[in-house]
Amino acid sequence: MSYKIKTPGKLLFLLLSCLSLLILVSLSWLLWLMVAPWLGDIHCLVRYFSYWVLRFFYAIIFLGIVFLFFECYSRYSIRFLHEIIRFSIKTLFPVNIYIGRLFMIKKDRIRESFVQVNNSFIKANRGRYKPENILLLLPHCLQNYDCVHRVTNNIDVCHECGKCTIQRFKKLKKDMGVKVAIATGGTLARKIIVITKPQCIIAVACQRDLVDGLLDVFPIPVFGILNETPNGPCISTSVDMRIIEDFLNNFIIKNEGG
């Protein structure tokens, strides 16, 4: 099975994470050397304690990156280590953006690479879910901009004119029994997740919104898909339905009669 998304590849984010970790460790070590004498004047235990806290902090991040590499390039997942991986990602992500800026790498390219990393993470987990426990979370801009039938609150309002992909999501909801919701922003998306309580989310969004959501809803597994913007941001966007259909076909628990 294949879930190909047009991104710069997951290696970009992974390499930036390694570089960010190296820079953080170096700067922290230099800073500690500067303040160590002062800490020793307070008490020798203060100096000793701060030294080992710093080492422990970066050891956790290092392990998180090692395990992230392992899960991205293997078909195996170590679930009890996921919180360490997420902690490492959340710590290094802002630094990755800053380092990328120094190398003139656009934020969106780094975000796209992170989506690839996240999806490898989800696929390595190899979870299987009942249809009713899967939520398709969509942006409102997937609807045709000129459509008079607003589907924000209820996708069943769609008249299936064929001018956008909303009708195909309506069909997926009917045929496969998955939940489908449309959000106009991050606050509403979080509210929908709290109400529906999904075990797995397939989220479609632009780079920034998608990455913010992926980092926000842990430990719920979220398979991220970048929407396509042939008309510019937030106007009649689209998405490759094959990616969504392939994910559902491979990770959904089929009904006995299906």
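For the structure itself, look to the data block above.
Just so it is clear, the structure is predicted and the values come from calculations on it, not from any experiment.

1. A word on the pattern of salt bridges
A side chain of one charge can pair with a side chain of the opposite charge when the charged atoms of the two come close.
So, point 1. Following the criterion strictly, the structure yields eight salt bridges and no others.
So, point 2. Here Asp108 makes a salt bridge to Arg111, at a shortest N to O gap of 3.1 Å. Of this pair, Asp108 and Arg111 both sit in helix α4 (residues 107-125), three residues apart, roughly one helical turn.
So, point 3. Here Arg190 makes a salt bridge to Asp216, at a shortest N to O gap of 3.3 Å. One end of the pair, Arg190, is in helix α6 (residues 186-196); the other, Asp216, is in helix α7 (residues 207-216), with 26 residues separating them in the sequence.

2. Notes on the side chain of Gln207
So, point 1. The topology assignment puts Gln207 in helix α7.
So, point 2. Only 2.6 Å separates the side chain of Gln207 from the side chain of Glu112, close enough to count as a polar contact.
So, point 3. With residues up to four places along the chain from it excluded, the contact list for Gln207 reads Asp108, Arg111, Glu112 and Leu226.

3. Describing the packing of aromatic side chains
So, point 1. A complete count under the given rule lists 13 aromatic pairs for this structure.
So, point 2. Ring geometry for Phe93 and Phe114: centres 5.5 Å apart, planes at 70°, overall edge-to-face. With Phe93 in helix α3 (residues 82-102) and Phe114 in helix α4, the pair connects residues that are 21 residues apart, well separated along the chain. Like Phe93, the residue Phe114 is buried in the burial classification.
So, point 3. The positively charged end of Lys10 is found above the aromatic ring belonging to Tyr73, 4.6 Å away from the centroid.

Conventions used here
Residues numbered from 1 in each chain as written. Predicted model: local features only at pLDDT ≥ 70, side-chain atom pairs only at ≥ 80, totals over all residues. Heavy atoms only, no water. Salt bridge = Lys/Arg side-chain N within 4 Å of Asp/Glu carboxyl O. Helix = DSSP H or I, 4+ residues; strand = E, 2+ residues; numbered from the N terminus. Polar contact = N/O pair within 3.5 Å; in protein donor to acceptor, adjacent residues only side chain to side chain. Contact = heavy atoms within 4.5 Å. Phe/Tyr/Trp six-rings, centres within 6.5 Å; stacked < 30°, edge-to-face > 60°. Buried < 20%, exposed > 50% of the residue type's maximum accessible area, 1.4 Å probe, protein only. Lys NZ or Arg CZ within 6 Å of the ring centre and 35° of its normal.

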